Amino acid sequence: MTPEEFRAAGHELIDWLADYRTRIPELPVQAQVKPGDIKNQLPDRAPRAPQPFSSVLTDLEQVVVPGLTQVQHPRYFGWFPSNASLSAVLGDLAASGLGALGITWQSAPALTEVEEVMLEWLRELTGLPATWKGVIQDTASTACLVALLVARERATGYSETGGGFQERDRPLTVYTTAHAHSSVVKAVALAGYGKANLRYVDVDTASYAMRPAALAAALETDVANGRQPAAVVATVGTTGTTAVDPVAEIVRLARQHGAWVHVDAAMAGSALLLPEMRWLADGVDGADSFAWNPHKWLGTVLDCALLYVADPEHLIRVMSTNPSYLRSAVEGEVTQFKDWGIPLGRRFRALKLWFQLRLDGVEAIQARLRRDLANARWLAEQVEAAPGWRVLAPVTLQTVVLRHEPPDHHEDALNAHTLAWADAVNESGLALVTPSLLDGLWSVRVSIGAEATTRADVAALWQILRQTAEA
Ligand code: PLP
């Protein structure tokens, strides 16, 4: 494709995307396809000759769009907000168009330095400690894996430089709660701790947050049994109920045992842009690492996860590589992000943050986040006031966990009822919610925060929920 052909096709694509974004409210929220429906519409072999751009656009329209659950839809209340703000989309497009090679500072100095500045802008905006440094990772899952790898190495005196942690006789242990994201369990397994060495610390029965006393007991028991606590993963805003683990207390206890504290604020990190929500991360200045996803509620388009660390030397010590072909004269003067994570080659992800913050402005983003928090509180009030309905967890952020509980329904019948009405809502295409287990019973999570969601959409959802569950 020549630049001139790109210009023509690019204009068409932007027009198509703008039209698509305009008509999303008319589309079903949940994709109405069955497994294999999309694959069956695609040819078995790649085309041998070029095809016209118009045929690609037609397939986007006819094959791809019906195969998407519309997470940019104003009545998308599923999993968690996965906003793709159009300002950030432009930044993502610019990043691809520039085609920069992010392997060392030298290969794309702007890629590294814009990233450093964006991480600093967002550090200041979220109130994280001024001495912390950050790096963009693809996802919170990778950020957690990186943190646990580094925690493992710090706990073992950097055993990777010798025979590795396998040569040690004190098993390393990791602590979190059963409400932590599944990516924590995955990271524990991938970093080689072994799932048997992951402790699920008890949570408070009302708030679902980690109980410090239970953490203290778990740490002491393990030490008494010849084990070595290596890391605690605290969650600020759990996936299920947006519970907030008490970071300050966790830091205090972990420090007594030299354990690394990683804070996973994948969803809730966006809330820290609001000064009145900074309490969520009270005590974070004593933690070792902190990750959150602008690609969720903030709107920076998958994938963009920020990992902040109190001391980047730990990352560098564990992950730096310096083959001859990557060396340059500026070594020591510049940041080499290849040494702050797993991949060598990195995309210019900072551009989408840069575009979004500049084109939308921080104040508009803050207003949107406040709107969503207020909408969640409003919905919770409606649910509490409606006979037969219950809010099941504190509404700390933008998620409302609820259940319709007809008087004659117990356990099995209640579970069947909840799953049936949630499925009916989702299959209608009118709105999307997520059923999830809480205390062994099915509940429904309403995660508010799609960029397009107004109070009217939340009110419409509440009507849909009542009509479907009470029918
Ligand atoms: N941590 C929490 C608390 C989450 O809610 C999620 C997303 O669902 C993740 C981690 C995983 O995020 P990612 O998809 O960026 O790996």
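Quick notes on the rules
- Residues numbered from 1 in each chain as written.
- Predicted model: local features only at pLDDT ≥ 70, side-chain atom pairs only at ≥ 80, totals over all residues.
- Heavy atoms only, no water.
- Buried < 20%, exposed > 50% of the residue type's maximum accessible area, 1.4 Å probe, protein only.
- Helix = DSSP H or I, 4+ residues; strand = E, 2+ residues; numbered from the N terminus.
- Pairing = 2+ DSSP bridges.
- Phe/Tyr/Trp six-rings, centres within 6.5 Å; stacked < 30°, edge-to-face > 60°.
- Near = heavy atom within 4 Å.
- Polar contact = N/O pair within 3.5 Å; in protein donor to acceptor, adjacent residues only side chain to side chain.
- Areas by Shrake-Rupley, 256 points an atom, 1.4 Å probe, with all protein chains shown as cover.
- Contact = heavy atoms within 4.5 Å.
- Domains from an automatic or database assignment.
- Buried area = accessible area lost by both parts, 1.4 Å probe.
- Salt bridge = Lys/Arg side-chain N within 4 Å of Asp/Glu carboxyl O.
- Core = buried A, V, L, I, M, F, W, Y, C linked by side-chain atoms within 4.5 Å.

Undergrad: Can you break down the pairing of strand β5 (residues 260-264) residue by residue, with the values?
TA: Most of β5 is tucked away: five of the five residues are buried. Bridge count between strand β4 (residues 228-235) and β5: five bridges; the pairing is parallel. Bridge assignment links Val 232 to a residue of β5, and that residue is Val 261. Direction of pairing for β5 relative to strand β6 (residues 289-292): parallel, over a ladder of three bridges. Across the sheet, Val 263 pairs through a bridge with Phe 290, a residue of β6.

Undergrad: Summarise the packing of aromatic side chains; cite the residues concerned and give the values.
TA: Within this structure, the stated rule accounts for five aromatic pairs. Aromatic side chains Trp 389 and Trp 462 sit 5.0 Å apart centroid to centroid with 75 degrees between the ring planes, which places their arrangement in the edge-to-face category. Separated by 73 residues along the polypeptide, Trp 389 in strand β8 (residues 389-391) and Trp 462 in helix α14 (residues 455-469) bring together distant segments of the chain. Residue classification places Trp 389 among the buried residues on the basis of a relative accessible area of 5%. With a relative accessible area of 6%, Trp 462 lands in the buried category.

Undergrad: Talk me through the site of the ligand; I want residue IDs and the actual numbers.
TA: Surveying the vicinity of the ligand reveals 13 residues, the closest of which are Phe 80, Ala 140, Ser 141, Asp 264 and Asn 293. Contact distances for the ligand include 2.9 Å between an oxygen atom and a side-chain N or O atom of Thr 239. Contact with the protein chains covers 90% of the free accessible surface of the ligand, which is 400 Å². Looking at the shell around the ligand, the elements with two or more residues in it are α5 (140-155) and α9 (294-298).

Undergrad: So what about the environment of Gln 356? Which residues, and what values?
TA: Structurally, Gln 356 is set in helix α11 (residues 350-360). The class of Gln 356 is buried, set by a relative accessible area of 0%. Counting along the chain gives 103 residues from Gln 356 to Leu 253, while the straight-line C-alpha distance between them is 39 Å. Sequence-distant contacts of Gln 356, defined by excluding residues within four places in its chain, comprise Ser 85, Ser 87, Ala 88, Leu 298, Gly 299, Thr 300, Gly 361, Ile 365 and Arg 368.

Undergrad: I'd love a proper account of the domain arrangement of the chain, names of residues and values included.
TA: Accessible area lost during the coming together of the parts is what is often quoted as the interface size. Per the domain assignment, the segments of the chain are domain 1 (3-66), domain 2 (94-360) and domain 3 (362-469). Using only C-alpha atoms to locate each centre, domain 1 and domain 3 end up separated by 32 Å. Between domain 1 and domain 3, a total of about 390 Å² is buried, with carbon and sulfur atoms accounting for 51% of that surface. Broken down residue by residue, the surface that domain 1 buries against domain 3 is led by Val 29, Gln 30 and Gln 32, which jointly contribute 89%. In this assembly, domain 1 and domain 3 are joined by zero salt bridges.

Undergrad: Please set out the pattern of salt bridges residue by residue, giving values where relevant.
TA: Applying the stated rule across the entire model yields 20 salt bridges. Residue Arg 370 pairs with Glu 276 through a salt bridge whose shortest N-O separation is 2.6 Å. On the criterion of sequence distance, the pair formed by Arg 370 in helix α12 (residues 362-385) and Glu 276 in the loop between β5 and β6 is long-range, its members being 94 residues apart. A relative accessible area of 40% places Glu 276 in the partly exposed class. Across the pair Asp 339 and Lys 338 runs a salt bridge, and its minimum N-O distance is 3.0 Å. Each member of the pair, Asp 339 as well as Lys 338, carries the same accessibility label: buried. Overlapping salt bridges, with partners in common, bring together Asp 92, Asp 303, Arg 347, Arg 349 and Lys 352 in one network.

Undergrad: If you had to explain the nonpolar core to someone new, which residues and values would you point to?
TA: Leu 215, Phe 290, Trp 292, Leu 306 and Tyr 308 are the most contacted members of the largest nonpolar core, which has 59 residues in total. In terms of residue count, helix α4 (residues 109-126) provides more of this core than any other element does, six residues in total. Setting aside anything within four residues of it in sequence, one finds Leu 306 in contact with Leu 119, Leu 122, Val 135, Ile 136, Phe 290, Ala 291, Trp 292, Pro 294 and Leu 353. Of all hydrophobic cores here, the second largest spans 33 residues; its members include Ala 143, Cys 144, Leu 145 and Leu 307.

Undergrad: Can you explain the pairing of β6? Please cite residues and give values.
TA: Going residue by residue along β6, you find Ser 289 and Ala 291 tucked away on one face and Phe 290 and Trp 292 tucked away on the opposite face as well. Bridge count between β6 and strand β7 (residues 305-309): four bridges; the pairing is antiparallel. Bridge pairing in β7 places Phe 290 opposite Tyr 308.

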